[in-house]
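Inside the fold
What follows is the residue order along each chain.
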Amino acid sequence: MATRNKSNVDEELTKQFNWHDYKRLAHYLKPYMTKIYLILIVIILANVAGMLGPYFTKITIDTIIPNKDYRQLWLIGGLFTASLFFIGWCLRYRIYHITELGQDVLKDMRLDIFQHLQRLSFSYFDNRPHGKILIRVVNYINTLSDLLSNGLVNLISDVFNVIITLIFMFAINARLTWYSLILIPVLVIMVWFIQDRQRKAYQILSNKQSNLNAYIHESISGIKVTQSFAREKENFRIFNEDNEAYRTSWMHAVKIQFLLWPGVQNIAVLTMSLIYFVGIRNIGVDVSTGTLIAFIGYINNFWNPVINIGNFYNSLITATAYLERIFETLDEKPEIEDQSQAKNLPQIQGHVTFDHVYFRYEPGKNILTDVNFHVDQGQSVALVGPTGAGKTTIINLLSRFYDVNEGDVKIDDHDVRDVTLSSLRKQMGVMLQDTFIFSGTIMDNIRYGKLDATDEEVVAAAKIVRADDFISELKDGYQTKVEERGSTLSAGQRQLVAFARVLLADPRILILDEATSSIDTKTEELLQSGLLALLKGRTSFIIAHRLSTIKNCDQIFYIDGGQIMEHGTHDELMHQHGLYYQLYQSQYEMLKLEPLEA
Ligand SMILES: Nc1ncnc2c1ncn2[C@@H]1O[C@H](COP(=O)(O)OP(=O)(O)OP(=O)(O)O)[C@@H](O)[C@H]1O
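The structure presented is a predicted model; accordingly, all values stated were derived computationally and were not measured.

Scoring rules and cut-offs
Residues numbered from 1 in each chain as written. Predicted model: local features only at pLDDT ≥ 70, side-chain atom pairs only at ≥ 80, totals over all residues. Axes fitted to C-alpha atoms, helices over the stretch in contact; angles between N-to-C directions. Helix = DSSP H or I, 4+ residues; strand = E, 2+ residues; numbered from the N terminus. Parallel < 35°, antiparallel > 145°, perpendicular 65-115°, else oblique. Left-handed = near helix turned anticlockwise from the far one by under 90°. Contact = placed C-beta atoms within 7 Å. Nonpolar A, V, L, I, M, F, W, Y, C, P; charged D, E, K, R; others polar. Expected span 1.5 Å × (residues − 1). Bend = angle between axes of the 7 residues up to and from the residue. UniProt positions renumbered as here; feature names shortened; annotations may be inferred. Near = placed C-beta within 6 Å. Buried ≥ 20, exposed ≤ 12 C-beta atoms within 10 Å, placed from the backbone. Pairing = 2+ DSSP bridges. pLDDT = per-residue confidence, 0-100. Core = buried A, V, L, I, M, F, W, Y, C linked by C-beta atoms within 7 Å. Domains from an automatic or database assignment.

What to know about the packing of helix α3 (residues 70–119) against helix α10 (residues 289–331)
When two helices pack together, their arrangement is given by the angle between their axes and by how far apart the axes lie. For the pair α3 and α10, the least separation of the axes is 9 Å and the interaxial angle reads 40°. The angle between the axes of α3 and α10 places the two elements in the oblique class. In this structure, α3 meets α10 at a crossing whose hand is left-handed. Counted together, Met109, Asp112, Ile113 and His116 of α3 and Ile326, Thr329 and Leu330 of α10 form the full contact between these two elements. Residues that form the contact of α3 with α10 fall into these classes: 4 nonpolar, 2 polar and 1 charged.

Structural notes on helix α7 (residues 184–221)
The end-to-end C-alpha distance of α7 is 53 Å, a good match for the 56 Å that 38 residues give at a rise of 1.5 Å each. At glutamine 195, α7 shows its maximal kink, close to 30°.

A short note on the UniProt feature "transmembrane region" (unreviewed entry) in the chain
UniProt records the feature "transmembrane region" (unreviewed entry) for residues 32–53, 73–91, 152–172, 178–194 and 258–279 in the present numbering. Note that residues 73–91 is 100% helix and 0% strand, and that its end C-alpha atoms are spaced 27 Å apart. Secondary structure within residues 258–279 divides into 100% helix and 0% strand; the distance between the first and last C-alpha atoms comes to 32 Å.

Things to note about the site of the ligand
What surrounds the ligand is the set Asp126, Tyr361, Glu362, Ile367, Thr387, Gly388, Ala389, Gly390, Lys391, Thr392 and Thr393. Class assignment of the residues belonging to the shell around the ligand gives a composition of 3 nonpolar, 5 polar and 3 charged.

Re helix α2 (residues 33–67)
Look at α2: 49 Å from first C-alpha to last across 35 residues, which is about the 51 Å you get at 1.5 Å a residue. Those residues of α2 that sit buried are Ile39, Ile43, Ala46, Asn47, Gly50, Met51, Pro54 and Lys58.

Some details on the sheet that holds strand β5 (residues 414–415)
Strand order across the open sheet formed by 4 strands is β2-β1-β4-β5, with antiparallel pairing between neighbours. Edge positions in the sheet fall to β2 (368–375) and β5, since each has one partner strand and no second. Seen against the sheet, helix α11 (residues 391–398) touches β1 (352–359), β2 and β4 (406–411) and runs at an angle of roughly 115° to β1.

Looking at the pairing of strand β6 (residues 428–431)
Because side chains alternate across β6, one face comprises the buried residues Met428 and Val430, and the other comprises Gly429 and Met431, equally buried. Relative to strand β9 (residues 509–513), β6 is paired through 4 bridges, and the arrangement is parallel. In the sheet register, valine 430 faces β9, and the bridge partner there is isoleucine 511.

A few points about the confidence of the model for the chain
Summing up the model confidence of the chain, the mean pLDDT is 84 and the portion of residues at 70 or higher is 91%. No element of the chain has a lower mean pLDDT than helix α17 (residues 521–535), which averages 68, and none a higher one than β1, which averages 95. In the predicted complex, the global pTM is 0.72; the interface-specific ipTM is 0.96.

Description of the sheet that holds strand β11 (residues 555–560)
In spatial order, the strands read β6-β9-β10-β3-β11-β12; together these 6 strands make up an open sheet with mixed pairing. For this open sheet the edge positions go to β6 and β12 (563–568), each flanked by a neighbour on one side alone. Strand-to-strand twist in this sheet, taken as the mean axis angle between neighbours without regard to direction, amounts to 15°.

Quick notes on the nonpolar core
Core analysis: the largest hydrophobic core is formed by 70 residues, its most contacted members being Val465, Ala500 and Ile511. The element that contributes the greatest number of residues to this core is helix α16 (residues 491–505), accounting for 9 residues. Lining this core are residues from two domains, each supplying at least three of them: domain 2 (344–427 + 510–598) and domain 3 (437–506). Excluding residues within four positions of it along the chain, alanine 500 makes contact with Ile446, Ala461, Ala462, Val465 and Ala467. With 48 residues, the next largest nonpolar core counts Met109, Leu144, Phe295 and Tyr322 among its residues.

Section: the environment of phenylalanine 470
Note on placement: phenylalanine 470 falls in helix α15 (residues 468–473). Between the C-alpha atom of phenylalanine 470 and that of valine 497, which follows or precedes it by 27 residues, the distance is 10.0 Å. When sequence neighbours within four positions are dropped, the list of residues in contact with phenylalanine 470 reads Gln493 and Leu496.

Here we look at unusual backbone geometry
Backbone geometry at lysine 68 places phi at a positive 50°, although glycine is not the residue there. Along the chain, lysine 68 turns up in the loop between α2 and α3. Although it is not a glycine, aspartate 413 sits at a positive phi angle of roughly 70°. Examined against the element boundaries, aspartate 413 turns out to sit in the loop between β4 and β5. The class of aspartate 413 is exposed, set by 9 C-beta atoms lying within 10 Å.

Describing the packing of helix α9 (residues 232–281) against α10
Running from amino to carboxyl end, α9 crosses α10 at an angle of 165°, the nearest separation of the two axes being 10 Å. Relative to α10, α9 is oriented roughly antiparallel. The two elements α9 and α10 cross, and the hand of that crossing is right-handed. Residue-level contacts link Gln257, Leu260, Trp261, Val264, Gln265, Ala268, Thr271, Met272, Ile275 and Gly279 of α9 to Leu292, Phe295, Ile296, Ile299, Trp303, Val306, Ile307, Gly310, Asn311, Asn314 and Thr318 of α10. In terms of residue class, the contact of α9 with α10 is made up of 13 nonpolar, 8 polar and no charged.

If you want it as structure tokens, here you go:
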């Protein structure tokens, strides 16, 4: 199980610097190789055209002007102008297509990470704040944008630029060229010195960024609780701390990052001075005036891309901190996966068996201990018992959201671990405690579990569970837009929509966790008849704290401490005068009603 994390706790930095991450990043470029080759050709052509300028200057100074050859001068001027237009076109082509390439790669990465997240098990999401997951899909991937678009454009272009410039330089004067390269080792040592410090600084920065994001996410999700407890000041204080930590780590990271740029600049200036010095001393020996002027042009052509390559390397190191997190998420193995031999679960009838089931979320702490039961096809079962008893855990095992530690969970004699997850879950209708409404229309929300359902089928399902009454009264009826989490609907209305959603999917096994808790007595009465229609012919598991809603179930399990303490029908359990009886009595005492004799 993954390490638990909180918004104010830094994530662990487990990975060593790893070139393999770059290989994986390069792998994302593979589908776009044709585009890359075309861009490369354009870059080479532009670089060659760019080299012509200083060369034209050299010819003009050394030959054309002394010979007063004006025809040649016009020709050179024309060629120079044409080369500038050509370079302009190449630049536009390069920028557009490399930006597109970068965005294509980011889109692919986002798709991969989103698809992977959807496969990860509950335990992954149990163990980390959602804000920390969110930041990986959005922000961290975005940080690569510059690297993959501008960075990559410039890198490819700059490497060619350096090579082509060196060829021209060696062709003109080999001695001056060697002098131009004399300080390169200093540059390499400097990069070496900075890289690890910079990577660590950015890892810390990414952690602080992640903490901040998690806290913002948590604060927005819990804003109603915050305001109702008037806790804004305290939340502001916590946020301020995270914010300050983020700022400090940012400043530390850029301080290291900015060491490189001035360093490279200084080396470039020193080299330039050296060339002037050596060049001027050797004028007339093996250096002509034209050669020296052309050389100074080439030196700029040489150092500008070298500075850019240095900056690219700098961004690469920065991106490493983010890249590691992205690949870490992609490498996270879903704890619950289809086994290699998993078969599709055939159309089920709905028999359910728990055979000596033990389960724990964390090592050493059993949540379920030796749970055994059998439920026949079409039976309704209620799970009742004190809070934290293990009721939700039982139904989570049934849908294989977690795997049992010992024992078996079987549906129609198929062990849930031997069948594919999608074929299993498609035949189950689960309504969890937290009724989730997605942003969209009410129609979309009901259709969520059966995308090909017609409008008529949606309305029919809503009618059965009595959701149609309130939906029809809304201004836009089924087309009424609802926000994420259904904040514009009442809790009862949200549950009715979720009921319709489950009914429409027509599952063989139905799981309703606290499903009726938010519905008022009047709605509850309406719902009971709808619920009966919903349960008809399906095996159903209902977790309810209000016992009035489950009195008619075929079996009632009283769960406590992760074990089934009592089971039977309502009447049988009332006659036992045991735990269920006491719970039932206490509910009526609470309502100040006379206890009903079973
Ligand atoms: N994801 C989790 N990680 C660790 N422990 C968990 C997790 N979910 C639940 N638990 C623990 O497992 C125990 C059983 O929880 P469960 O949700 O099954 O209880 P329940 O009977 O459904 O309670 P309630 O009626 O309050 O919903 C509790 O002690 C709970 O703290």
